[in-house]
2 protein chains.
Amino acid sequence: MHGSIMDYPLTLPHFLERAGRLFGPVEIVSRLPDRSLHRYTYADFYRRSRRLASALQAMGLNKGDRVGTLQWNHYAHLECYFGIPVSGGVLHTLNLRLDPSDLAYIVNHAQDRFIIVDDVLLPLFQQIQDRVQVEKVFVVPLTGAPVTGMASYEELLEEGSGDFAYPQLQETDALGMCYTSGTTGRPKGVVYSHRSQILHSLVECLPDVLNFSQSDTVMPVVPMFHANAWGVPFAATLAGSRQVFPGPHMDPVSLLELLQGERVTFTGGVPTVWMGLLEELKAHPERWKLEPGMRMVVGGSAVPEQMIRDFDRFHLEVYQAWGMTETSPLGTFSKPKCYQAGLSTDELYCFRAKQGLPAPLIEIRTVNEQGVADEDGETMGELQTRGAWVVSAYYRPEGPVDNWTPDGWFRTGDVATIDPEGFLQITDRTKDLIKSGGEWISSVDLENALMAHPSVAEAAVVAIPHPKWLERPLAVVVLRAGQRVGVEELNAFLAERFAKWWLPDRYEFVDQLPRTSTGKFKKTALRERFATPGEGGADEP
Amino acid sequence: MHGSIMDYPLTLPHFLERAGRLFGPVEIVSRLPDRSLHRYTYADFYRRSRRLASALQAMGLNKGDRVGTLQWNHYAHLECYFGIPVSGGVLHTLNLRLDPSDLAYIVNHAQDRFIIVDDVLLPLFQQIQDRVQVEKVFVVPLTGAPVTGMASYEELLEEGSGDFAYPQLQETDALGMCYTSGTTGRPKGVVYSHRSQILHSLVECLPDVLNFSQSDTVMPVVPMFHANAWGVPFAATLAGSRQVFPGPHMDPVSLLELLQGERVTFTGGVPTVWMGLLEELKAHPERWKLEPGMRMVVGGSAVPEQMIRDFDRFHLEVYQAWGMTETSPLGTFSKPKCYQAGLSTDELYCFRAKQGLPAPLIEIRTVNEQGVADEDGETMGELQTRGAWVVSAYYRPEGPVDNWTPDGWFRTGDVATIDPEGFLQITDRTKDLIKSGGEWISSVDLENALMAHPSVAEAAVVAIPHPKWLERPLAVVVLRAGQRVGVEELNAFLAERFAKWWLPDRYEFVDQLPRTSTGKFKKTALRERFATPGEGGADEP
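Procedures and definitions
Residues numbered from 1 in each chain as written. Chains lettered and ligands numbered in written order. Predicted model: local features only at pLDDT ≥ 70, side-chain atom pairs only at ≥ 80, totals over all residues. Heavy atoms only, no water. Contact = heavy atoms within 4.5 Å. Buried area = accessible area lost by both parts, 1.4 Å probe. Salt bridge = Lys/Arg side-chain N within 4 Å of Asp/Glu carboxyl O. Polar contact = N/O pair within 3.5 Å; in protein donor to acceptor, adjacent residues only side chain to side chain. Helix = DSSP H or I, 4+ residues; strand = E, 2+ residues; numbered from the N terminus. Nonpolar A, V, L, I, M, F, W, Y, C, P; charged D, E, K, R; others polar. Axes fitted to C-alpha atoms, helices over the stretch in contact; angles between N-to-C directions. Parallel < 35°, antiparallel > 145°, perpendicular 65-115°, else oblique. Left-handed = near helix turned anticlockwise from the far one by under 90°. Pairing = 2+ DSSP bridges. Buried < 20%, exposed > 50% of the residue type's maximum accessible area, 1.4 Å probe, protein only. Phe/Tyr/Trp six-rings, centres within 6.5 Å; stacked < 30°, edge-to-face > 60°.

### A look at the interface of chain A and chain B
Tallying the contact residues gives 74 residues for chain A and 74 residues for chain B. Here chain A packs against chain B, burying approximately 5,600 Å² in sum over the two surfaces, 61% of which is carbon and sulfur. By the criterion of area lost to chain B, the three top residues of chain A are A:Met1, A:Ile5 and A:Met6, representing 15% of everything that side buries. With a shortest N-O distance of 2.7 Å, A:Glu375 and B:Arg21 are connected by a salt bridge. Remark: the boundary between chain A and chain B carries 35 residue pairs in polar contact (both at pLDDT 80 or more). By residue number, the principal contributor to the side of chain A that touches chain B is helix 7 (residues 194–205) of chain A, which donates 7 residues. Here the residues of the side of chain A that touches chain B sort into 43 nonpolar, 18 polar and 13 charged.

Below you can see the structure in the form of structure tokens.
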């Protein structure tokens, strides 16, 4: 017996129509390359997104054709987020921080038919132009400087028609694709469906997740070329929130100016962005007046508990989240439960520093050699997930993949614990875990502990080979300006929290840490640089 | 090209598992027939719902079998809400306010295999027992009095197993069914799917809709036998909200005691319930201390603007909603938009007194003889809707149905306007609309205006036949205790807002208005009673 309910596919035109009909006067603000602010409304966004869809169809776009975007976070990228999928095309966001050879590989692997590129990113695009097969390139004239020899995005829009009719879309049709920026092997493609993005948006908006409403002003600092800016532009448009985009100006002072000037109530990004912001807030506390209670979602890597405490002093609420390109990306979100209100401040920070509870329609488990691990907050295992927006395959994979279990769960490559309350805590990447004498040491736990030391600005811990213990931890530390601290003091600091055999055998002090294109510490580079066993290698860890 | 996303069906076991895993200590409170409070937790609810599912399967329940419930709002009914669908069965809620012959018809028409009935409702059930074909009846022992000759719900649960495995469910599988309580013809059955209820729950929880979170204490006053209590028990369980159920005690003082004692933050019901509550609050303002900002959702019929203003004085926030059994039932929800904050108080009340904006995944339009009506806030038309939880057919209809348009929209039978901001306003039921000399007069508008008069407690306006104008309005009025008011004064009061030809020709003053099983004015009865044209019928309306 089936329900007698209308067959109503979950597709993006519904969101666009709703936004255009109900939220017309709501503002969308974008920082342009010259630092000026571009302002328009949902009504403009609606009209232009539909013109884009119409123009792409007039160019001969077929359902399923990929359209690449090489753009910063701004209004035109938002138009692409909606205009490309509602035309039947597939939004393929290109990560402008990738190495040009990877970028060219991705464009060709996805078989992008058109590319829409910011004028200020043309120097990057020109590095790959001769290596990619693309039918046509459209340039978004953000600076107003004339573009010669290439088609203009604005002229493309003028060819669109206002009375565009959406193509028939199934909810399983592709909406967009992203490539992972993994440090091993070639980038791998992930294809999202209309259904997965609609469900993802609904859940992100829930009160105990991102809590997006019409009352919000939402600014994604996480790039729109990175896992759909965590889905924030889709979810904010569903909610009818006011939207603010930082464009290419991602330095702390530019971001703070925008957060303050536009009275932003929600923002999201990776920890390194907020580290810089926090330093500026601490240095000039009298200069900045942000909205009290502004929510800051942090993902991409774990945030040190100390950072949550520091932002609390400025009445800014940090929330951890965990996700991956392969999970659209919302997996978990960390907000203490209502009934935990009676816990001590320290206990609450402990929960807030975890990666949190699985979102509705997402399941998580940890698996180790003994099978599914106990959810005791201590037993580590590989984090596996399944759910309504978790990828089931890579796009045209090169070579064999082992990312799915026989019973259909996605293997994340993260090592984690789950506690009795259901909070996930990532303890490491499987490849970053330090296997010392048959025991596991979490590099992330050591890093977070080191970064809580007042003299330490940043710290990365990596495994280096050891003749007896196979691997031992090495800490690479960036000190705060003007600070000095010895190895003994750091190890004494760590010994308060960890067993002796967890303490790093060796410390290296550097001026800065190498980073991946998404701002994470590039541990492969550190391992290569410091691979030779240190002279002080402990015999009894 | 399709998205490469896991095939993850939207089914109720996910919600139940999530609630059991994450919200175990959260409380569920039920008022029992003896007025005492039954308290247990989500952990108990989870365990018992699964035992119910397991026991039903052990009884031989097959996928799609209907299980009827004849119950008030309480914990055992919540267990049925989840336990029956996750066992593969179909939850069929029986409206205990129906006439026994309709009730017997419904049980037989749905082919209910089992029925679970409150002990306090056995006298009602015994009126239909000989007329229905049911395999087995289980009695919920709410009073503790021994039940003889019938199986006990508690003994049924004891036969269930803790290690129950859910059956394979598709998202289109039937989850539950309700029969409409329409005043014309036989009740008609509506079958919901797992998918439709999951989507409905997600949208109900959104911040700009019911805004359910872990911080809420939710009390559905709307009966669980009426359109799934508007989906509130499903949505509250998704959110992990604390839940409170009033049991059979629906009088204003009992409800207020529960709202106050359990610190309820959200409640929902039909206007007549809130009218009684308001009278008690006004009579004894010092007696009650409800949670400031408690949300009260009102549906089923339009709420007079005056009632919203009155509750505001008690810091209680009234929200209008519109929906039907055929729409699961959430259709629209009325909350002024953020950018309307600059409107005057009177203008804001005007929007709050409308039925509101369509929910995400719901579309609305109004259609009259000229086609789709302008959304100008004035042009009336029949309200039509489509969306992710709108019914596409009745269950085994008797005779032809004309409730769907050729292009697939559901014809609601309501007459409405939609304004430029997108707010729906129901002006009437098509069958209650008064057609006077080729023009339409809204009975609902006249009723709301009359109920704003300080001497009027309640008012219903119906069409009575007229030799010249075909139909003319008759107002049936219940005065407040001790109040007197003349026809001239009421018409002068109405003349401030309406054209002269809208004013009722005739008034009848009565002690109370007849009501349907869901608390709406029973206009058919009024029309029959007052059908003879009044002597004062106006010649020039």
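### What to know about the packing of helix 1 (residues 12–22) of chain A against helix 3 (residues 75–86) of chain A
Residue and element names in this part refer to chain A. Running from N to C, helix 1 and helix 3 point in directions that differ by 130 degrees, and their axes come no closer than 9 Å. Taken together, the axes of helix 1 and helix 3 are oblique relative to one another. Note on packing geometry: the crossing formed by helix 1 with helix 3 is left-handed. Where helix 1 approaches helix 3, its residues Leu-12, Pro-13, Phe-15 and Leu-16 are matched on the opposing element by Tyr-81, Phe-82, Pro-85 and Val-86. Its residues assigned to classes, the contact of helix 1 with helix 3 shows 8 nonpolar, no polar and no charged.

### So, the sheet that holds strand 10 (residues 217–220) of chain B
Residue and element names in this part refer to chain B. Spatial ordering of the open sheet is given by 2-1-11-10-12-13-14-15-16, a layout of 9 strands whose pairing is mixed. Of all strands in the sheet, those bounded by a partner on one side alone are strand 2 (37–41) and strand 16 (357–358). With 2 bridges connecting them, strand 10 and strand 11 (residues 242–245) associate as parallel partners. Opposite Thr-217, over in strand 11, you have Arg-242 as the bridge partner.

### Considerations on the side chain of A:His109
Examined against the element boundaries, A:His109 turns out to sit in helix 4 (residues 100–110). A:His109 sits in the buried class, given a relative accessible area of 6%.

### A word on the packing of aromatic side chains
The final tally for this structure, using the stated rule, is 33 aromatic pairs over all chains. An angle of 55 degrees between the planes, with centres 4.8 Å apart, marks the rings of A:Phe351 and A:Phe423 as tilted. With A:Phe351 in helix 12 (residues 345–352) and A:Phe423 in the loop between strand 20 (410–418) and strand 21 (424–429), this pair connects stretches of sequence that are 72 residues apart. Judged by centre distance (6.1 Å) and plane angle (55 degrees), the ring pair of B:Phe114 and B:Phe138 falls under tilted. With B:Phe114 in strand 5 (residues 114–118) and B:Phe138 in strand 6 (residues 136–140), this residue pair connects regions lying 24 residues apart in the sequence. On the basis of relative accessibility, which here comes to 0%, the residue B:Phe114 falls in the buried class. Here the aromatic residues A:Phe23, A:Tyr42, A:Phe45, A:Tyr81, A:Phe82 and A:Phe234 are joined through ring pairs into a cluster of three or more.

Function cannot be inferred from these measures alone, as they are strictly geometric.
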